[in-house]
Amino acid sequence: MKTTISTLLKMHKNGEKFTVLTCYDALFATLLEDCGVDVLLVGDSLGNVVQGKETTLSVTLEHMVYHTQCVARGAEKAFIMVDMPFGTSQLSPERTFENACQLMAAGAQMVKIEGGRIMADTIQFLTQRGIPVCAHVGLTPQSIHQLGGYKIQGNTEIKAKALLEDAKILEKSGANMLLMEVIPAKLAKQISTVLSIPTIGIGAGADCSAQVLVLHDMLGLCTGKKIKFIKNFMEGSSTIQDAVCNYVKAVKASQFPGQEHEFH
Ligand code: KIV
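Cut-offs and rules
Residues numbered from 1 in each chain as written. Predicted model: local features only at pLDDT ≥ 70, side-chain atom pairs only at ≥ 80, totals over all residues. Heavy atoms only, no water. Near = heavy atom within 4 Å. Polar contact = N/O pair within 3.5 Å; in protein donor to acceptor, adjacent residues only side chain to side chain. Buried < 20%, exposed > 50% of the residue type's maximum accessible area, 1.4 Å probe, protein only. Helix = DSSP H or I, 4+ residues; strand = E, 2+ residues; numbered from the N terminus. Pairing = 2+ DSSP bridges. Phe/Tyr/Trp six-rings, centres within 6.5 Å; stacked < 30°, edge-to-face > 60°. Lys NZ or Arg CZ within 6 Å of the ring centre and 35° of its normal.

Our focus in this paragraph is the site of the ligand. For the ligand, the full set of nearby residues is Thr22, Leu41, Gly43, Asp44, Ser45, Asp83, Lys112, His136, Leu179, Glu181, Ile202 and Val214. The separation between an oxygen atom of the ligand and a polar side-chain atom of Ser45 is 2.5 Å.

So, about the pairing of strand E6 (residues 177-181). Where burial is concerned, most of E6 is hidden: 5 out of the 5 residues are buried. The side-chain alternation of E6 yields two buried faces, one formed by Met177, Leu179 and Glu181 and the other by Leu178 and Met180. In this structure, E6 lies alongside strand E7 (residues 199-202), joined through 4 bridges in parallel fashion. The residue of E7 that forms the bridge with Met180 is Gly201.

Moving on, we come to the packing of aromatic side chains. Taken as a whole, this structure holds 5 aromatic pairs when the rule is applied. Between Phe233 and Tyr247, the ring centres sit 5.4 Å apart and the planes meet at 80 degrees, which makes this aromatic pair edge-to-face. A residue pair is termed long-range when its members are at least 10 positions apart, and Phe233 in the loop between helix H10 (215-218) and helix H11 (240-252) and Tyr247 in helix H11 qualify at 14 residues. You can call Phe233 buried: its relative accessible area is 4%. Given the relative accessible area of 0%, Tyr247 is considered buried. Site record: aromatic cluster; members linked through ring pairs are Phe233, Tyr247 and Phe256. The cationic tip of Arg129 hangs over the ring face of Phe125; the distance from NZ or CZ to the ring centre is 3.6 Å. The lysine or arginine in question, Lys231, covers the ring of Phe233, its NZ or CZ lying 4.9 Å from the ring centre.

Here you go:
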């Protein structure tokens, strides 16, 4: 049976964690859902891991439509969330709606939009017109040049307060979920407690309703410096399927992320 937004909200209500992994093609869509992954995120991280770019900024709507169609062909059960790439959600609510419609037509069940309270009107416009939205706050890779690098967000009292306020405003505007990236675990816990919508964490500690990782990272395929919040699930697993099943089990049992993956 297809996982729907109602399935995920019910899991959240029952205190059952759901699992999210990025996915960019049909083969992995089938493999991941067979291992019990609840949500496939067609992330614009495909710019990094598939296209070999330094940032996600050059990913286009056409790229996202293509990869969404690929994932949708492979996924029978898993819920499909899709990133709105840089420049497609920032102009106006109307233009964003038109762009989001292309992703929904390609197979998305929810779009993800980066940005804090500035995106509230757009999120309201979309959600009032039948497009579920996950808001993405904290480290927002599309703003990398404004943030000055991939680094922790919300780590001072003033910034934490602003992030909490953003989260409340986004929920009020109709956001169906909130993804928090690389923020202190304590702040993520506070936000998850205050909001009634599900929260998805990446580098945000264990107290979120769900966890997400970039597929290639959790399979140990990333090169370069070790990133604190990533766990290589291939270590101790004999196949990719084992690694993914171990990720699902670890998230559901609140064993991942551990304290060693958290920021303070
Ligand atoms: O594009 C992506 O993969 C993401 C995750 C890092 C959450 O947005």
